[in-house]
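Each chain, written out:
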Amino acid sequence: MPRAAANQGEKGEKYYRILAAAQKIFAKNGFHNSKVAQIAKEANVADGTIYLYFHNKDDILISLFEDRMRMLIGILRKELETIDNLADKIRAVIQLHFRLLREDPDLIEIITIELRQSTMFMKEYQNKQFHSYLQVLGDLLKEGKDLGLIRQDVSPGLMKRALFGMMDEISVLFVLSNKHNKYSIEGVVDELSEFFLRGIWNDLSQLPKP
C-alpha cells in the first residue's frame, strides 16, 4: 500500500498546501493530464519539495483522498451526535454526501471520477478511510436492526454499499452534466432518502417524517 514519504510528525503547512493544490489541479485537468510540476506551481513550492512528502502523483492522489475522507468522517460523526432519530441520522448521511456537491465540487469530482484513473488506487490501495466511512452507515443499520426499526432480513454489510453506490452514481451524473442537470440536490436528497428508508424500515407506519 503506497504511503506518503513523510510520516505524520513531519506533515506541516507545505504538505497540506500541496494537497489543496493537487485537488484543484486534478479537478481542472484530470488525473492523467496533471503534472507534478503543475501541482508544485499551484502550491508555490519547488518541484523537488513534492518528493519530500510524496513518492509520485498516485501517492498525492491517494493521500488527498485519505485526508479528505478522514475530515468527512469527523464531520459526519459530529453531526450524528446531535441527532436522536435513527431515520434522521440516515438522512443526514445522504445530505452530507450531496452537500459536498455544492460546497466542494472539486472534491466530489476527484472522488467519483479521478480516483478511478489511478491504477495504484484501484489495485493496491486498501481503502481504509473509505471502509471507515462505510462503517458509520453500517453501524447505523445494525443499530436499527437491534432496535427492531429495520427489517431483520436487511444485511448492513450489503445495504451500506448499496446506498453508497446510489449516492456515488448520482454524484457522477451531477459531475458530468455540470450545470445542465435537471435534478436539484435537495430533490435528490429527499427522494433517495425516502426510497432507501422505505426499503429497509420494519414498519412504514412508524417511519418518522423528515
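Residues numbered from 1 in each chain as written. Predicted model: local features only at pLDDT ≥ 70, side-chain atom pairs only at ≥ 80, totals over all residues. Heavy atoms only, no water.

What is the right way to read the overall build of the protein chain from this model?
Each helix and strand in the protein chain was counted, giving ten helices and zero strands. Ordered by position from the N terminus, the helices and strands of the protein chain form the series α-α-α-α-α-α-α-α-α-α. Of all 210 residues assigned to the protein chain, the portion counted as buried reaches 48%. If you sum the accessible surface of the protein chain, you get close to 11,300 Å²; carbon and sulfur atoms cover 51% of it. (Helix = DSSP H or I, 4+ residues; strand = E, 2+ residues; numbered from the N terminus. Buried < 20%, exposed > 50% of the residue type's maximum accessible area, 1.4 Å probe, protein only. Areas by Shrake-Rupley, 256 points an atom, 1.4 Å probe, with all protein chains shown as cover.)

Got a minute to help me understand unusual backbone geometry in this structure?
As a rule of thumb, non-glycine residues mostly have phi less than zero, and peptide bonds are mostly trans rather than cis. Positioned with a positive phi, asparagine 44 is a non-glycine residue whose angle comes to about 60 degrees. By relative accessible area, asparagine 44 is classed as exposed at 66%.

Would you explain the packing of helix α6 (residues 105–112) against helix α9 (residues 156–177) in this entry?
The axes of two packed helices give the description: the angle between them and the distance between them. The interhelical angle for the contact between α6 and α9, taken along N-to-C directions, is 120 degrees, at an axis separation of 10 Å. Taken as axis vectors, α6 and α9 run oblique relative to one another. For the pair α6 and α9, the crossing hand works out as left-handed. Between α6, through Ile108, Glu109 and Thr112, and α9, the contact on the second element is made entirely by Asp168, Ser171, Val172 and Val175. (Axes fitted to C-alpha atoms, helices over the stretch in contact; angles between N-to-C directions. Parallel < 35°, antiparallel > 145°, perpendicular 65-115°, else oblique. Left-handed = near helix turned anticlockwise from the far one by under 90°. Contact = heavy atoms within 4.5 Å.)

Honestly, the confidence of the model for the protein chain in this entry has me stumped. Any pointers?
In regions of low pLDDT, the predicted coordinates are not meant to be interpreted in detail. Taken over all residues, the pLDDT of the protein chain has a mean of 87, while the share at 70 or more is 89%. Across the protein chain, the element-wise mean pLDDT spans from 57 in helix α7 (residues 119–123) up to 96 in helix α2 (residues 36–43). Under a pLDDT of 50 for its full length, residues 1–9 has, in the predicted model, 28 contacts with residues more than four places off or in other chains. (pLDDT = per-residue confidence, 0-100.)

Would you take a moment to explain the packing of aromatic side chains for this structure?
Remark: the centre distance and the inter-plane angle together describe each pair of aromatic rings, the angle taken between the planes. Per the counting criterion, the structure on display carries seven aromatic pairs. With centroids separated by 4.9 Å and ring planes inclined at 85 degrees, the aromatic side chains of tyrosine 15 and tyrosine 16 adopt a geometry described as edge-to-face. The class of tyrosine 15 is buried, set by a relative accessible area of 3%. The exposure class assigned to tyrosine 16 is partly exposed, which follows from its relative accessible area of 37%. Taken together, the aromatic side chains of Tyr15, Tyr16, Tyr53 and Phe54 make up a single cluster linked through ring pairs. Looking at lysine 57, its charged tip hangs above the ring of phenylalanine 31, at a distance of 4.6 Å from the centre. (Phe/Tyr/Trp six-rings, centres within 6.5 Å; stacked < 30°, edge-to-face > 60°. Lys NZ or Arg CZ within 6 Å of the ring centre and 35° of its normal.)

Help me out: how do you make sense of the environment of tyrosine 16 in this one?
Structurally, tyrosine 16 can be placed in helix α1 (residues 13–29). It is 9.2 Å that separates the C-alpha atoms of tyrosine 16 and aspartate 67, two residues lying 51 residues apart in sequence.

I keep staring at the nonpolar core and nothing clicks. Help me out?
Within soluble globular proteins, side chains that are nonpolar generally end up buried alongside one another. Phe26, Ile39, Ile50, Phe98 and Tyr133 are the most contacted members of the largest nonpolar core, which has 63 residues in total. A per-element tally of this core places helix α5 (residues 86–103) first, with ten residues. Tyrosine 133 has contacts with Met69, Leu72, Ile73, Leu76, Val93, His97, Phe164 and Met167, leaving out every residue within four places of it along the chain. (Core = buried A, V, L, I, M, F, W, Y, C linked by side-chain atoms within 4.5 Å.)

Is there a simple way to explain the pattern of salt bridges in this structure?
Pairing is possible between side chains of opposite charge, provided their charged atoms come close. Under the criterion given, the structure shown has ten salt bridges. One salt bridge connects arginine 91 with aspartate 88, and the closest N-O pair in it is separated by 2.7 Å. Taken as a pair, arginine 91 and aspartate 88 lie in helix α5 at a separation of three residues, close to a single helical turn. Taking the relative accessible area as the measure of exposure, arginine 91 reaches 5% and is therefore buried. Residue class for aspartate 88 comes out partly exposed when judged on its relative accessible area of 27%. Where aspartate 146 meets lysine 142, a salt bridge forms, and the shortest distance between an N and an O atom there is 3.2 Å. Here the residue aspartate 146 and the residue lysine 142 both occupy positions in helix α8 (residues 128–146), the gap between them amounting to four residues, near one helical turn. For lysine 142, a relative accessible area of 48% puts it in the partly exposed group. Taken together, the salt bridges that share partners define one network made up of Glu79, Arg99 and Glu103. (Salt bridge = Lys/Arg side-chain N within 4 Å of Asp/Glu carboxyl O.)

Teacher, can you tell me more about the side chain of aspartate 168 here?
With respect to the helices and strands, aspartate 168 occurs in helix α9. Residue classification places aspartate 168 among the buried residues on the basis of a relative accessible area of 10%. Leave out the neighbours within four places in its chain, and aspartate 168 touches His97, Thr112 and Arg116.

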